[in-house]
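Here is what each chain is made of, one letter per residue.
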Amino acid sequence: MNILSNLLSQPTQNNRPKRQRRGIEIKSPREIEIMRLSAKIVATVLKEISELVQPGMTTADLDAYAEKRIREMGATPSFKGYHGFPGSICSSINNEVVHGIPNKKKVIRTGDVLKVDTGAYYEGFHGDSCITIAVGEVTSEAARLIRVAEEALYKGIEQVKAGNYLMDIAGAIEDHVKANKLTVVEDFTGHGVGRNLHEEPSVFNFRTHDMPNVKLRAGMTLAIEPILNAGSKYTRILADRWTAVTVDNALSAQFEHTVLVTEAGYEILTDRSQV
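Cut-off values and rules
- Residues numbered from 1 in each chain as written.
- Predicted model: local features only at pLDDT ≥ 70, side-chain atom pairs only at ≥ 80, totals over all residues.
- Heavy atoms only, no water.
- Pairing = 2+ DSSP bridges.
- Helix = DSSP H or I, 4+ residues; strand = E, 2+ residues; numbered from the N terminus.
- Axes fitted to C-alpha atoms, helices over the stretch in contact; angles between N-to-C directions.
- pLDDT = per-residue confidence, 0-100.
- Contact = heavy atoms within 4.5 Å.
- Core = buried A, V, L, I, M, F, W, Y, C linked by side-chain atoms within 4.5 Å.
- Buried < 20%, exposed > 50% of the residue type's maximum accessible area, 1.4 Å probe, protein only.
- Phe/Tyr/Trp six-rings, centres within 6.5 Å; stacked < 30°, edge-to-face > 60°.
- Left-handed = near helix turned anticlockwise from the far one by under 90°.
- Nonpolar A, V, L, I, M, F, W, Y, C, P; charged D, E, K, R; others polar.
- Salt bridge = Lys/Arg side-chain N within 4 Å of Asp/Glu carboxyl O.

**Student:** Lay out the sheet that holds strand β11 (residues 235–237) with the relevant residues and their values.
**Tutor:** Sheets are built from strands paired through backbone hydrogen bonds, the pairs being either parallel or antiparallel. Spatially, the 3 strands line up as an open sheet ordered β3-β12-β11, and their pairing is antiparallel. Both edges of this open sheet fall to β3 (96–98) and β11, since each of them pairs with a single strand only. Strand after strand, the sheet turns through a mean of 40 degrees between neighbouring axes, direction not considered. Looking at chain direction, β11 and strand β12 (residues 244–246) are connected through 3 bridges and run antiparallel. The residue bridging arginine 236 from the neighbouring strand is valine 245, located in β12.

**Student:** How would you sum up the confidence of the model for the protein? Please name residues and give values.
**Tutor:** In this model, the protein carries a mean pLDDT of 94, and residues with pLDDT of at least 70 account for 93%. Considering each helix and strand of the protein separately, the mean pLDDT is smallest for strand β8 (residues 199–203), with a value of 97, and largest for strand β13 (residues 252–254), with 99. Within the model, the stretch residues 5–20 combines pLDDT values under 50 with 40 contacts to residues more than four positions away or in other chains.

**Student:** Go over the nonpolar core with me, naming the residues and quoting the values.
**Tutor:** Among the nonpolar cores identified, the biggest contains 65 residues, and Leu62, Leu114, Val116, Ile169, Leu222 and Ile224 are the most heavily contacted of them. Per-element tally for this core: the top contributor is helix α1 (residues 29–52), with 9 residues. If we skip the residues at most four places from it in the chain, leucine 114 touches Val53, Leu62, Ser92, Ile93, Ile108, Ile131, Thr132, Ile133 and Val135. In this structure, Met1, Ile3, Phe79 and Leu197 belong to the second largest nonpolar core, which totals 8 residues.

**Student:** Got a sec to walk through the sheet that holds strand β6 (residues 183–184)? Specific residues and values, please.
**Tutor:** One open sheet accounts for 3 strands, arranged β6-β10-β13; its pairing is antiparallel. If you trace the sheet from one side to the other, it starts and ends with β6 and β13, each paired once. Contacts from helix α3 (residues 140–157) reach β10 (227–229) and β13, with the element oriented near 150 degrees to β10.

**Student:** Which residues make up the environment of lysine 155, and what values do they have?
**Tutor:** Looking at the element boundaries, lysine 155 is found in helix α3. On the basis of relative accessibility, which here comes to 35%, the residue lysine 155 falls in the partly exposed class. Considering only alpha carbons, one finds lysine 155 and alanine 170, 15 residues apart in sequence, at a separation of 9.4 Å.

**Student:** Describe the pairing of β8, with residues and values.
**Tutor:** Of all 5 residues in β8, 4 are buried, a share of seventy percent or more. With 3 bridges joining them, strand β7 (residues 190–192) and β8 adopt antiparallel strand pairing. Paired with glycine 190 across the two strands is valine 203, which belongs to β8. Where β7 folds back onto β8 in an antiparallel hairpin, the turn is made up of 6 residues.

**Student:** Any chance you could break down the packing of aromatic side chains for me, citing the residues and the numbers?
**Tutor:** Considering all chains together, one arrives at 2 aromatic pairs under this definition. Residues phenylalanine 204 and phenylalanine 206 carry aromatic rings whose centres are separated by 5.2 Å and whose planes lie at 85 degrees to one another, so their mutual orientation is edge-to-face. Judged by relative accessible area, phenylalanine 204 falls into the buried class, the value being 11%.

**Student:** Run through the packing of α1 against helix α2 (residues 59–72), naming residues and quoting values.
**Tutor:** Look at α1 against α2: their axes get within 10 Å of each other, and the N-to-C directions meet at 145 degrees. As for how α1 packs across α2, the hand of that crossing is right-handed. In this structure, α1 contributes Ile41, Thr44, Val45, Glu48, Ile49 and Leu52 to the contact, and α2 contributes Leu62, Tyr65, Ala66, Arg69 and Ile70. In terms of residue class, the contact of α1 with α2 is made up of 8 nonpolar, 1 polar and 2 charged.

**Student:** Could you give an account of the pattern of salt bridges, with specific residues and numbers?
**Tutor:** Summed over all chains, the structure comprises 17 salt bridges. Salt-bridge contacts for arginine 36 lead to glutamate 267; the nearest nitrogen and oxygen are separated by 2.9 Å. Of this pair, arginine 36 sits in helix α1 while glutamate 267 is found in strand β15 (residues 266–268), placing the two residues 231 residues apart along the sequence. Residue glutamate 174 pairs with arginine 207 through a salt bridge whose shortest N-O separation is 3.0 Å.

Written out as structure tokens, the structure is:
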């Protein structure tokens, strides 16, 4: 989940630990093992959704499926109730950028660019991931946007290694997006993830001097999540106070993984190819 910066590092739900640790957490081997499990639940749900989604379904159908599967695997949906968010997934279609609210009236159609973002809270730790799905046959513009968005995520992940910096991730993402003449949404960022859904540090997808350029350390767990637009980088929030859309009605795509920083490089905890 990509949340506005003023919500960063706030407790997730009333039934979660009330004491909020500050600063960047380095996870212990035991904590990392739990995060592998929470992330595997997320990866499993997203893989299954990518295989079952069909035109004619509603985003509420996907939400109900995700919640059912998350709970069947012994976890709790991270998003449901988060600052009042009503769903277990964020479902954002076409020009909707992030935080789309599942709705039984929102019908998925052939040609849609569907973003599905979800999280699972398991034994005290969260996993978080997002995919963009091309529903049926999409336009060449949409297919290219989706491809470059996923490539940008992995360009960023490739920079993850103890001793590297957050701006190494941001720069790799930004350079790939600009080379493909698309835009990076700057209103939302990635984040640390662990005991809380959103922890320090903010993980930018573009170079900036607005936040410290944190040095990566083994044991950090990051949600890296570039959002790309086919047009303007600017967004606006709808009256529901959650859904962000492009200001020019252009398409948007997003991919996200929960990633562990290791001494040698990285481990993608929400890797769908491993479930």
